[in-house]
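Read off the chains here:
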Amino acid sequence: APIRLRDYAPPAWRVESIELSFELGIDTTEVTARLHLRGDASRPLRLDGEGLELLAIALDEQPLDAGAWRYADGVLEVDGVSDGSVLTTRVRTHPAANTALEGLYLSGSREAGFLLTQCEAEGFRHITFFPDRPDVLTRYTVTLQADRARFPVLLAGGNPDGAGDLPDGRHWARFVDPHPKPCYLFALVAGRLEKIERDYLTGEGRTVKLVIWSEANVIDSCHYAMDALERCMRWDEQAYGRHYDLDVFHVVATHDFNMGAMENKGLNIFNAKYLLADPDTTTDDEYKAVEAVVAHEYFHNWSGNRVTCRDWFQLSLKEGLTVFREQQFSADMNSTALKRIEDVALLRRAQFPEDAGPLAHPVRPAEYREINNFYTATVYEKGSELVRMLAGKLGPEGFRRGMDRYFERNDGRAATIEDFLAALGDANDLDLMPYLAWYGQAGTPRLRARGHFDAGARRYTLTLSQHAQAHADLPEKPPLPIPVKLALFDRDGRMLALRMDGQTVGHEAVVVLDRDEQTFAFDEIERSPVPSLLRGFSAPVILECDYAPADLALLLTHDPDGFNRWEAGQQLAALAFDDCRHGGQIALQAWCNALAQLFADPTLDPALLADLLTPPGEVELAEREQEVDPAQIHALRQQLQKQLAETIGAFALAQRLAALEVAGPLQLDAVAKAQRRLKRRVLELLALIDAPTAQARADAQYRRAQGMTDRLAALSVLVRSDAASAADALADFRRRHADNPLALDKWFAVQAQLPGERALERVRSLESDPAFTLKNPNRARALLGTFASGNPSGFHRADGAGYQLLAERLVALDALNPQIAARLATAFNGWQRLEPVRRDAARRVLSALAEKPELSRNLAEIVAGVLKS
Ligand code: ARG
Ligand code: ZN
């Protein structure tokens, strides 16, 4: 049965403090836990424990009779416990046999690898018996013991509290965490690791030792992350007044990780993909991702750790907020407009389809079976959009006041979304509870806009209305507060001063639609204006507005704000896409001509130009269709881009490409990155209309490339072409990066992206590459995840063979790592809207998969969820 939000009850027993000690070994580890319990003796003590081998149990130092406890179905029940009792358990676990990568497990080989933990959401119960729920906050003292030669480095969260030798070549180390924390934030790491370190002085005058750990061969790739860490620590002090609160901050990189990274108190653990960076193997986008994830995990120290979640339904309280804080930081470090473009594109690519399909759930879900399935784009990305709306409503000072209040009031507590809204509201004398509705309903609202110009009255009126899709979760949806930031442009592309209700409000205004329909009037308007709506993407909605293509082209060319310009371009590109299908010309011409004009503008930021030249992706375009034919969408999008390339012209493209060629060593500054971004886009466009020239350029670029961005861009163009040199380049890349798993992942992924019919065969043959394994999440994602979720025309074959392949691999993967299997299975989302032939094929494969008796709870929940109509 599912777990429901409305069934929440506070814990019967709390654990004031815990003394945990580990005797670490690769095959077996023994864990002794002493829990100092507080609670009501009239209520049973029930502790979570998953697959634990119980070796000893004692209450208040007395061994317990077999009749005084029961362990079944993941719960240990103990009789006779009283307030203040100490329960001691000793259990055995098997790290090397743990392929699910939750709890205590081995990263790398038995000989050279190291031990580590992943506890969020419910991994701690795989380590010891404990109330594994985030509202039980406990003081941790952790002692690690191990063979010194095999495990020279011993780490746990908190401050170091002694270390020393033991007989027989063993040693120990102790860590004490002064901040009570939920068990999902517990972590340990043990093995042969190298480090880089740096002292950091907080604004409060505390000296913190920052240490980044990795296996020896990659320790030189940790410096960029160290710089990023220092930047984000300083930024959180300045932007939010939040300072670090321990003497040490450890960060560890592993190649074996289910997620991106984890914010364990004082001991962050990272998927190597989001920590390691070096000029030869890391792309510019990956550098940005490292900076963003380092910041995200660090920011959790306040939004997540100091203030944690009452229960997992509140997950977005920490994740949505932390994503938002990271977005602000990244915007400050790089470019506000480009960051917003990236984030909105991600929202549309990942979250909108989720919200439109059978897996749709509110930012605060009402129920779940397996919480790991709810680390979703909705909880993270839409959750961040909701915080952004609140921040926009309060303004920078009001939001800061509200956040101060939130941290102050909830420090050391396990809080709820209501606590968050109350703090922000109270600090500003506002009632923000109407925003709670956003957290409780699934589906992307539609915002309809109609403008009317009255020349006689010199008045422009804008009628806005909202339309929710009925979902099973909430058939009757109340109207939401939807902030709509807007501006009006005259026909020469100038922004108009806005007068509303007799007041001049500047060139931009925010109106809040909080009813089903509302009309807003703007006065002293001389001629029919062009409205620019939802500026900065001020609310996570789908805008429906009957723009004339010429109006969008005007905004695309003239809007002073880069994001809004991109947004107008995206809408125009969607209309141009429709033209491609129906043989229309008006939007297509408008889009191509506007971009050709911008292409020739030397003052435009090359990175922004690259984004402007990129139409919505295939997944996004599919969202607009009643019945989805991925092959047709791919073909039409190619045609659209080809038209753009022809309008700009092969000569202009080739000329620009040459101009963007820079000699000398790799530069990593913003200008150089922007140029590479544009270069990639121009090369792709050129390939559509002059394949021989593009291939020659790509060949040369591949050979001369100074860094991964250029090398991978060239490789990608070659792989998609029929160039004979593609095979050579692939072989070269494979050889060159054979010892670098992160680079090899890119080699797998670039081939899994081959459009159309060729993809499946390629994926099959890559599965027999000796470097392919289902046991490594990054590798499985690089090949199968890219194929199934990142390559619609390749995966959605009419013969259903793509579905069949994925289903077979999911079964194999599920036996090893249910979290990864469930995540990859979400590629089936949206199958109900496929055209009939593919839809039947998908249904057959999914129904057969759902019938398999041995599926994990993780995979079963996704398969059943995706199947329901
Ligand atoms: N809290 C981590 C982050 O967002 C994600 C960990 C999720 N882990 C999981 N097994 N679901 O930074
Ligand atoms: Zn997070």
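Here the structure is a predicted model, which is why all the values come from computation and not from measurement. (Residues numbered from 1 in each chain as written. Chains lettered and ligands numbered in written order. Predicted model: local features only at pLDDT ≥ 70, side-chain atom pairs only at ≥ 80, totals over all residues.)

Engineer: Give me the overall build of the protein: which residues, what numbers.
Structural biologist: The helix and strand inventory of the protein stands at 26 helices and 33 strands. The principal-axis extent of the C-alpha atoms belonging to the protein is close to 90 × 65 × 60 Å. Looking at the protein as a whole, 50% of its 869 residues qualify as buried. Across the protein, contacts joining residues at least 24 apart in sequence account for 69% of those joining residues at least 6 apart. (Helix = DSSP H or I, 4+ residues; strand = E, 2+ residues; numbered from the N terminus. Buried ≥ 20, exposed ≤ 12 C-beta atoms within 10 Å, placed from the backbone. Contact = placed C-beta atoms within 7 Å.)

Engineer: Describe the pairing of strand β25 (residues 446–454), with residues and values.
Structural biologist: Look at any regular strand and the pattern is simple: side chains alternate between the two faces of the sheet. In the sheet, β25 pairs with strand β26 (residues 459–467) via 9 bridges, with the strands oriented antiparallel. Bridged to Arg-446 within β26 is His-467. Linking β25 back to β26 in an antiparallel pair, the connection comprises 4 residues, with Arg-458 at a positive phi of about 50°. Both β25 and strand β33 (residues 542–545) contribute to a ladder of 4 bridges, which runs parallel. Across the sheet, the residue bridging to Leu-447 is Leu-543, located in β33. (Pairing = 2+ DSSP bridges.)

Engineer: So what's going on with the packing of helix α4 (residues 336–356) against helix α9 (residues 562–582)? Which residues, and what values?
Structural biologist: For any two helices packed against each other, one specifies the inter-axial angle together with the distance between the axes. Remark: α4 packs on α9, axes separated minimally by 8 Å, with the N-to-C direction vectors making an angle of 35°. For the pair α4 and α9, contact is made by Ala-337, Arg-340 and Ile-341 and by Gly-562, Phe-563 and Trp-566, respectively. Counted by class, the contact of α4 with α9 contains 4 nonpolar, 1 polar and 1 charged residues. (Axes fitted to C-alpha atoms, helices over the stretch in contact; angles between N-to-C directions. Nonpolar A, V, L, I, M, F, W, Y, C, P; charged D, E, K, R; others polar.)

Engineer: So what about the UniProt feature "domain: Peptidase M1 membrane alanine aminopeptidase" (unreviewed entry) in the protein? Which residues, and what values?
Structural biologist: The positions that UniProt labels "domain: Peptidase M1 membrane alanine aminopeptidase" (unreviewed entry) are, in the present scheme, residues 224–432. Split by type, residues 224–432 is 56% helix and 11% strand. Its first and last C-alpha atoms lie 40 Å apart. (UniProt positions renumbered as here; feature names shortened; annotations may be inferred.)

Engineer: Explain the confidence of the model for the protein residue by residue, including any values.
Structural biologist: When pLDDT is averaged along the protein, the result is 98; 99% of the residues meet or exceed 70. Our summary of model confidence lists the complex with pTM equal to 0.99 and ipTM equal to 0.98. (pLDDT = per-residue confidence, 0-100.)

Engineer: Explain the sheet that holds strand β3 (residues 29–39) residue by residue, including any values.
Structural biologist: Read across the open sheet, the 8 strands follow the order β6-β5-β9-β3-β2-β12-β15-β14; overall the sheet is mixed. At either end of the open sheet lies a strand with only one pairing partner, and these are β6 (62–63) and β14 (159–165). In this sheet, strand β9 (residues 86–93) lies alongside β3 in antiparallel orientation, the contact comprising 8 bridges. Within β9, the position partnered with Leu-35 by the bridge is Leu-87.

Engineer: With reference to specific residues and values, describe the site of ligand 1.
Structural biologist: Glu-120, Met-259, Met-262, Asn-372 and Tyr-375 are the nearest of the 13 residues found near ligand 1. If you list the elements that add at least two residues to the shell around ligand 1, you get β20 (261–262) and α2 (284–299). Among the residues making up the shell around ligand 1, the classes are represented as 5 nonpolar, 4 polar and 4 charged. (Near = placed C-beta within 6 Å.)

Engineer: Would you mind going over helix α17 (residues 708–720) in detail, with residue names and values included?
Structural biologist: Between its first and last C-alpha atoms α17 spans 18 Å; for 13 residues at 1.5 Å apiece the expected length is 18 Å, and the two agree. When you tally the buried positions in α17, you get 12 out of 13 residues, the bulk of the element. Of all the residues in α17, the buried ones are Met-708, Thr-709, Asp-710, Arg-711, Leu-712, Ala-713, Ala-714, Leu-715, Ser-716, Val-717, Leu-718 and Val-719. Next to the buried residues of α17 lie α2, α15 (670–689), α16 (691–704), α18 (725–736) and α19 (741–752). (Expected span 1.5 Å × (residues − 1).)

Engineer: Report on the sheet that holds strand β31 (residues 517–523), specifying residues and quantitative values.
Structural biologist: Here we have 4 strands laid out as an open sheet, ordered β31-β26-β25-β33, and mixed in their pairing. For this open sheet the edge positions go to β31 and β33, each flanked by a neighbour on one side alone. Taking the axes of each pair of neighbouring strands and ignoring which way they run, one obtains an average angle of 25° across the sheet.

Engineer: I'd like to hear about the UniProt feature "domain: Peptidase M1 alanyl aminopeptidase C-terminal" (unreviewed entry) in the protein, residue by residue, with values.
Structural biologist: When the UniProt feature table is mapped to this numbering, "domain: Peptidase M1 alanyl aminopeptidase C-terminal" (unreviewed entry) covers residues 550–867. Annotated as residues 550–867, this span is 74% helix and 0% strand, and its ends, taken at the C-alpha atoms, are 42 Å apart.

Engineer: So what about unusual backbone geometry? Which residues, and what values?
Structural biologist: A cis amide bond links Glu-120 to the next residue, Ala-121, at an omega of 0°. Structurally, Ala-121 can be placed in the loop between β11 (114–118) and β12 (138–147). Phi is positive for Leu-101, close to 60°, though the residue is something other than glycine. Tracing the backbone through its elements, the reader meets Leu-101 in the loop between β9 and β10 (103–107). Even without a glycine there, the phi angle at Asp-429 is positive, about 50°. Note that Asp-429 resides in the loop between α6 (417–426) and α7 (436–440).

Engineer: Account for the environment of Arg-92, naming residues and giving values.
Structural biologist: Structurally, Arg-92 can be placed in strand β9. Owing to 14 C-beta atoms within 10 Å, Arg-92 belongs among the partly exposed residues under this scheme. Separated by 35 residues in the primary sequence, Arg-92 and Ile-127 have C-alpha atoms spaced 8.4 Å apart. The contacts of Arg-92, once residues within four sequence positions are left out, are Thr-28, Glu-30, Glu-53 and Leu-55.

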